[in-house]
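Residue-level listing of the chains:
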Amino acid sequence: DIQAGNVFLSAQTLLAVAGGDQPIAPGALVEAVGLADAIPGADDRLAQVRLAGAAAGNVVGVAGSRMALTPLADGDGDQVLRSAPGAAQPGDYVAITVLGVAQVQVQPGEAIQPGQRLVVGDAPGRARALRTVQVSRASGWTRAGRPWASHWKRPRMAWSGCWSTRSRGCRATKQKAPG
C-alpha cells in the first residue's frame, strides 16, 4: 500500500517524475515532456516534467518539493510518499502545484507586483512579469483616402457571455464598432 503525505488546503498538487538533465528546485516552473512509469504498486502513469524554458508551450505548474517513498514505521512493507529536502534530480518524484497558491522562482532583475500575471522568463524554470505593449493609431491616419475609423462602421458579431456555443443560451449579438 502507498499513502500520500502531502495535503494542502491552498493548492492542488499532482505527483510527477523529474526529467530532463537539470535538477528541479522548489518554485521552478515546469513543463510536461511525456509520461513516466507508475509508482510501484499503482496503475496510473505519472507525468514527466522538466524545467520550463523561454519557448515552453506546455507549462503545467510549479515544482513544490522533491518527494520520496519511505517505509512506514510499523515495518510491514508499506511505504508513504513524503516531502524530502533539496532539488529533485532526474528520475526523482516531485510534487507539482497545478492550481492555487505557490511560491515561484523569479528571473533575476524582475520586480513582481501582487496580482501581476506571470510567464516563463529567459532563465530556465524562472518566471517574469507579463509584458504588454500599447499600440495606438496615429492621428489623422487614412487608408485609401478615408479616415481609418470609417472602415469599422459595419456591425461585427460578438458572443454574449456564455460558456458553450452549443447551449441554447448562447446567441451571437450584433455590436456596433466604435466610430
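Residues numbered from 1 in each chain as written. Predicted model: local features only at pLDDT ≥ 70, side-chain atom pairs only at ≥ 80, totals over all residues. Heavy atoms only, no water.

### Examining the side chain of Gln 107
(1) Moving on: Inspection of the secondary structure puts Gln 107 in the loop between β7 (93-100) and β8 (118-120).
(2) Moving on: The exposure class assigned to Gln 107 is buried, which follows from its relative accessible area of 11%.
(3) Moving on: Looking at Gln 107, its side chain comes within polar contact range of the main-chain nitrogen of Asp 122, at 2.5 Å.
(4) Moving on: Not counting residues up to four positions away in its chain, the partners in contact with Gln 107 are Gly 121, Asp 122, Ala 123, Arg 126, Ala 127, Arg 128 and Arg 131. (Helix = DSSP H or I, 4+ residues; strand = E, 2+ residues; numbered from the N terminus. Buried < 20%, exposed > 50% of the residue type's maximum accessible area, 1.4 Å probe, protein only. Polar contact = N/O pair within 3.5 Å; in protein donor to acceptor, adjacent residues only side chain to side chain. Contact = heavy atoms within 4.5 Å.)

### Overview of the pairing of strand β4 (residues 46-51)
(1) Moving on: Relative to β4, strand β2 (residues 11-18) runs parallel, the two being bridged by 3 bridges. Looking at the pairing, Ala 16 lines up with Ala 47 of β4. (Pairing = 2+ DSSP bridges.)

### Topic: the confidence of the model for the chain
(1) Moving on: Confidence in the prediction for the chain averages 76 pLDDT; 70% of positions are at 70 or higher.
(2) Moving on: When mean pLDDT is taken per element in the chain, β4 scores highest with 93 and strand β13 (residues 172-175) scores lowest with 41.
(3) Moving on: Across residues 150-177, confidence stays below pLDDT 50; counting only partners more than four residues off in sequence or on other chains, it has 30 contacts. (pLDDT = per-residue confidence, 0-100.)

### Overview of the environment of Met 67
(1) Moving on: Here Met 67 shows up in strand β5 (residues 59-71).
(2) Moving on: Through-space distance from the C-alpha of Met 67 to that of Ala 84 is 5.4 Å; in sequence the pair is 17 residues apart.

### Describing the nonpolar core
(1) Moving on: In this structure, Ala 16, Ala 18, Ile 24, Ala 28, Val 30, Val 49, Leu 51, Ala 63, Ala 88, Val 94 and Ile 96 together form the largest nonpolar core, which totals 11 residues.
(2) Moving on: Among the secondary structure elements, those contributing two or more residues to this core are β2, β4 and β7.
(3) Moving on: The residues contacting Ala 28, other than those within four sequence positions of it, are Leu 51, Gly 61, Val 62, Ala 63, Gln 105 and Gly 125.
(4) Moving on: Counting 9 residues, the second-largest nonpolar core is a separate cluster that includes Leu 15, Ile 39, Leu 46 and Leu 81. (Core = buried A, V, L, I, M, F, W, Y, C linked by side-chain atoms within 4.5 Å.)

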